[in-house]
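One letter stands for each residue in the lines below.
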Amino acid sequence: MIVRAERLNKWYGRVIALNEVTLSIGPGITGLLGPNGAGKTSFLRIVIGLMRESGGEIRVLGERPWNNPGLAVRIGYCPEHDGFYEWMTGREFVAALARIRGVRDGRAAAREAIEAVRLSEVADRRIATYSRGMRQRLKLAQAVAHRPEFLVLDEPLTGCDPIVRQELIALIRGLAAEGKSVLVSSHVLHEIEALTRTIAVVHRGRLVAEGEVSEIRALIDRHPHTVKVRTDRPRELAARLASDGDVVEIRFEDGAVWLRTPRPDAFYAKLPAAALEAGAAVEEISSPDDNLEAVFRYLTEA
Amino acid sequence: MLRAAAAFAGLTLRSLASGKRAPAAAILLLLPAVLALLAATLGRKAEAATVFHHVVFHYSLGFMVYLLSIVYGIALSSGEIEDGTVGYLYLGRLPRWLIVGVQAGVTALALTGLVFLSLLLTALASGLAPGEGPRLWRDVGACTLVAGTGILVALPFYMACGLVFRTPIGAVASALVPTLFWELLVTGWPIQFAAWTVTNNLRGLLLVLLFDGRPGPLYKYVKNFRIPGYEEASIYLSVLAGLFLVLAMAAASARSIEGKEAR
C-alpha cells in the first residue's frame, strides 16, 4: 500500500476538515474527488507531512509522514496554490529545489524535468512573467525533478485551458507509466476519469465513496437528474419527452418546464428530436444537478 | 545533507536580496548615514566622534537592529508560510529545525555585513563634522560586533513569533509589542528591570568596546540600575540568543502548515 489512513481526523478549531477517514491507496493513479472545502487538500497535506493529523493514523510508504525528511524526499508534491520565488527563472527554481532535496546535479535534474513538462522554451524567463499553464507545469517539474516514488498532485488541472489540460493529463499518465504512484485531487469528475479508473470521493470531511469510476458513476446515475428547459411551448415539449418513461416528474413554470429523469444521457440525446417534433424553440437548458455539490450530497445520503 | 544545507543557504542568501524587503532594508541601513551627514553639516557644535556615537547609540543599536530583524525574521517564517514557499522547503532533505538554523545563521551574517557597511558610511559622514572623528576601523568594527550580537538575539525571536502565530498580522503584533514596550520604553526607565533589556546589555558591550569603559553623557539616563558589565552582558545575550533559536526551531518542528483553504 502507498497510503494507509485509519480513522483520520483533522480539525481547525471547531471546524472538522476530516472526519474518521479510513482509506487505502495502492500503486498506480488514484483520484481524490470532492467539491471545494471537502477536505481533499487537508488530506493531501497530511499525507505529505506538511500538516499533522488531529487523530487517527496515517502511513505513507510504510512510514509516518509528519516531520520525516527521509520520507519527504521520496514524495513529489504539486500544490494547488502558487508559491514561487517570483524573481527566479523557472530553471533556477527547479534546480534549487532539486538540490535542497539532495540531488547531486541540480541543473541536470532541472533540465530533464523541464523538458518532461515541455517548459524548455520559457525556462530561462523569470517566473513572474509566466502564464497560468506555465506555472502549473513548473509546479509539476519541481515535483518530479528529484525522481520521487510517489506523486501527490493537488488540483493540477485547475485554471488550465483545454490544450494545457490535455497535455498535463498525458504527462501525468506518462509519469504513472514510468512506475510512479500518483494521487491526484480534483473537483471535476471527468478530469479524474481522464486520468484513472480508481477514485475516492470525499465530501464535508468524510469518505463517501471509493472504488472504480464506473461504480461511482452508476451510483450517481441512479439519482434522478433535474433539468430545466426554457421554451415557448413547454407543455408540448414535455408531452413528447414524457412519452417513453425517461421522465419521472414534470413541473411547469412561466416559459419553462422542469423535468426529472433517472437516465440523463438518454434524455439529453432525445431532447433535440423532441423539440423538433413539438415545434418548440429551446432558449436555455440548465441543470442544478450538474454541480458536483448536488451529486456529493446525494452520495452522502446514499 | 551537507550539500542540501549548502544549497539551502545559497537560496536563503539570494532571497534576502530580492523582493519587497530589500528597499525597506536599504532605507533602514542608509538612514544613520543620512542622519550623521545632516548632524555633521548642519549641527553647530557637533564634533565628529560625538555625531557617530550618538547616531549609533540611539538609532543603529536602538532601532535599526530591531527593525531589520523584524522585517527579515517575520519574512523568513510567517512570510514564507503565507506565500506558500515554505511547503517546498519543508519537503526537502533537511529537518525543519535545521532549516531554521540555516536561515537564522545566514541571515544574521548577511545583515551584520550590511550593518558594517551602514556603520562605515555613518562614520565617514560623521567625519565631515569638525574635531576628531571616530577611530574608523576600530569603532566601526566594535559597533558591528555589538549590532551583530543584537541581530543574533532579535532575529530568532522574531522568527519564533512568525512560526507560533497563525497569521502575519499576529506575528508582527507579537513581535512589535515586546519590542516597543520592553526594548524601547523600559530601556530608559529608572528601574532595576531596565538592566535586563537587550538594548542595555548591548550598550554594556559598547561601553567596553567603544568607550573604553568610560560612560560619558550618553549613559546619563542610567538611574536606579547598573549597565551590565561586558561578561554579564555576553552571557545574558548568549543565553537569550540560544533560547530564542531553540524556540524558533521547536516552533517550526511543531507547526502544521495549513493551506489557504484552512482560513
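None of the values given here were measured: they were computed from a predicted structure.

### Notes on the overall build of chain B
1) Next: The helix and strand inventory of chain B stands at nine helices and zero strands.
2) Next: The C-alpha atoms of chain B give a radius of gyration of 19 Å, which matches the 18 Å a tight globule of 263 residues would have.
3) Next: Along the first, second and third principal axes, the C-alpha atoms of chain B reach 60 × 35 × 35 Å.
4) Next: With 263 residues in all, chain B has 46% of them scored as buried.

### Quick word on the overall build of chain A
1) Next: From N to C terminus, chain A includes 11 helices and 13 strands.
2) Next: Principal-axis analysis of the C-alpha atoms gives chain A an extent of 70 × 45 × 35 Å.
3) Next: Put simply, chain A has 302 residues, and 44% of those count as buried.
4) Next: A separation of at least 24 residues holds for 67% of the contacts in chain A among residues at least 6 apart in sequence.

### Overview of the sheet that holds strand S1 (residues 3-12) of chain A
All names here are of chain A.
1) Next: One open sheet accounts for three strands, arranged S2-S1-S4; its pairing is antiparallel. In the strand order of this sheet, the two ends are held by strand S2 (15-25) and strand S4 (55-60), each with one partner. Geometrically, the sheet is characterised by an average inter-axis angle of 25 degrees between neighbouring strands, direction not taken into account.

### Concerning the nonpolar core
Across soluble globular proteins, nonpolar side chains have a tendency to be buried as a group.
1) Next: Grouped together as the largest cluster of nonpolar side chains are 153 residues, with contacts concentrated most on Val47(A), Val94(A), Ala141(A), Ala145(A), Val152(A) and Ala248(B).
2) Next: Of all the elements, helix H3 (residues 48-83) of chain B adds the most residues to this core, at 17 residues.
3) Next: If near-sequence neighbours (up to four positions away) are discounted, Ala141(A) is found in contact with Val94(A), Ala113(A), Ile114(A), Val117(A) and Leu119(A).
4) Next: Within the second largest apolar cluster, 11 residues are counted, among which are Val229(A), Leu237(A), Leu241(A) and Ala275(A).

### Description of the domain arrangement of chain A
The figure often quoted for interface size is the accessible area lost as the parts come together.
1) Next: What the domain assignment reports for chain A is domain 1 (3-219) and domain 2 (222-301).
2) Next: Using C-alpha coordinates to define each centre, domain 1 of chain A is positioned 37 Å away from domain 2 of chain A.

### Looking at the interface of chain B and chain A
1) Next: Contacts between chain B and chain A engage 29 residues on the former and 27 residues on the latter.
2) Next: Contributions of two or more residues to the side of chain B that touches chain A are made by helix H1 (2-17) and helix H4 (86-90) of chain B.
3) Next: Among the elements that make up the side of chain B that touches chain A, the one with the highest residue count is H1(B) (six residues).
4) Next: By residue class, the composition of the side of chain B that touches chain A is 12 nonpolar, 10 polar and seven charged.

### Looking at the sheet that holds strand S12 (residues 256-261) of chain A
Residues and elements named next belong to chain A.
1) Next: Taken together, four strands build an open sheet; the order of strands is S11-S12-S10-S13 and the sheet is antiparallel. Because the sheet does not close on itself, it has two edges, and the strands there are strand S11 (249-253) and strand S13 (282-286). Across the sheet, the mean angle separating the axes of adjacent strands is 20 degrees when strand polarity is ignored.
2) Next: As paired strands, strand S10 (residues 225-231) and S12 are joined by six bridges and run antiparallel to one another. From the neighbouring strand, Arg-230 faces S12, where its bridge partner is Ala-256.

### So, the packing of helix H2 (residues 21-42) of chain B against H3(B)
Residue and element names in this part refer to chain B.
1) Next: Where H2 contacts H3, the two axes come as close as 10 Å, and the packing angle between them is 170 degrees. Put simply, H2 runs roughly antiparallel to H3. Residues Arg-21, Ala-24, Ala-25, Leu-28, Leu-31, Pro-32, Leu-35, Ala-36, Ala-39 and Ala-40 of H2 lie in contact with H3, whose contacting residues are Ala-48, Val-51, Phe-52, Val-55, Tyr-59, Ser-60, Met-64, Leu-67, Leu-68, Val-71, Tyr-72 and Ala-75.
2) Next: Its residues assigned to classes, the contact of H2 with H3 shows 20 nonpolar, one polar and one charged.

### With respect to H3(B)
Residue and element names in this part refer to chain B.
1) Next: Its 36 residues place the ends of H3 only 45 Å apart at the C-alpha level, less than the 52 Å of an ideal helix rising 1.5 Å per residue.
2) Next: The largest bend in H3 comes to about 45 degrees, at Ser-60.
3) Next: Among the 36 residues of H3, 26 are classified as buried, and the element is accordingly described as predominantly covered.
4) Next: The first or second residue beyond H3 is Gly-84, which carries a positive phi of 90 degrees.

### Points about the pairing of strand S3 (residues 29-33) of chain A
1) Next: Of all five residues making up S3(A), five are buried, and the element is well covered by its neighbours.
2) Next: Residues Ile29(A), Gly31(A) and Leu33(A) of S3(A) are buried on one face, and the alternating residues Thr30(A) and Leu32(A), pointing to the opposite face, are buried as well.

### Brief notes about the packing of H1(B) against helix H5 (residues 96-126) of chain B
Residue and element names in this part refer to chain B.
1) Next: At a minimum axis distance of 9 Å, the contact between H1 and H5 shows a crossing angle of 50 degrees. Taken together, the axes of H1 and H5 lie oblique to each other. Crossing hand, H1 versus H5: right-handed. Where H1 approaches H5, its residues Ala-5, Phe-8, Ala-9, Thr-12, Leu-13 and Leu-16 are matched on the opposing element by Leu-98, Ile-99, Val-102, Gln-103, Val-106, Thr-107 and Ala-110.
2) Next: Here the contact of H1 with H5 is composed, by residue class, of 10 nonpolar, three polar and no charged.

Cut-offs and rules
Note that residues are indexed from 1 along each chain, following the sequence as it is written. Following the order in which they are written, the chains are lettered starting with A and the ligands numbered starting with 1. Only residues with pLDDT of at least 70 get local features here, since the model is predicted, and only at 80 or more are side-chain atom pairs given and counted; chain-wide, interface and lining totals rely on the full set of residues. Numbering goes from the N terminus for both helices and strands, where a helix is a DSSP run of H or I of at least four residues and a strand is a run of E of at least two. When we talk radius of gyration, it's over C-alpha atoms, and the globule rule is simply 2.2 Å times the number of residues to the 0.38. Neighbour counting defines burial: a residue surrounded by 20 or more other C-beta atoms within 10 Å of its own C-beta is buried, one with 12 or fewer is exposed, and intermediate counts give partly exposed, using backbone-placed C-beta atoms. Note that contacts rest on C-beta atoms placed from the backbone: two residues are in contact if these are within 7 Å. Here, strands pair whenever DSSP counts at least two bridges between them. Interaxial angle, 0 to 180 degrees, is taken between N-to-C directions of lines fitted to C-alpha atoms, where a helix line uses only the stretch in contact. Put simply, a nonpolar core is a cluster of buried Ala, Val, Leu, Ile, Met, Phe, Trp, Tyr and Cys residues tied together by C-beta atoms within 7 Å. Residue ranges for the domains originate in an automatic or database domain assignment. Nonpolar residues are Ala, Val, Leu, Ile, Met, Phe, Trp, Tyr, Cys and Pro. Charged residues are Asp, Glu, Lys and Arg, and all others, Gly as well, are polar. Here the angle decides the label: under 35 degrees means roughly parallel, over 145 means roughly antiparallel, 65 to 115 means roughly perpendicular, and every other value means oblique. Every helix has an expected span of 1.5 Å times one less than the residues it contains. Bend, in this description, refers to the angle at a residue between axes fitted to the seven residues ending there and the seven starting there. Here is the rule for handedness: rotate from the far helix to the near one, and if that takes an anticlockwise turn smaller than a right angle the crossing is left-handed, while a clockwise turn gives right-handed.

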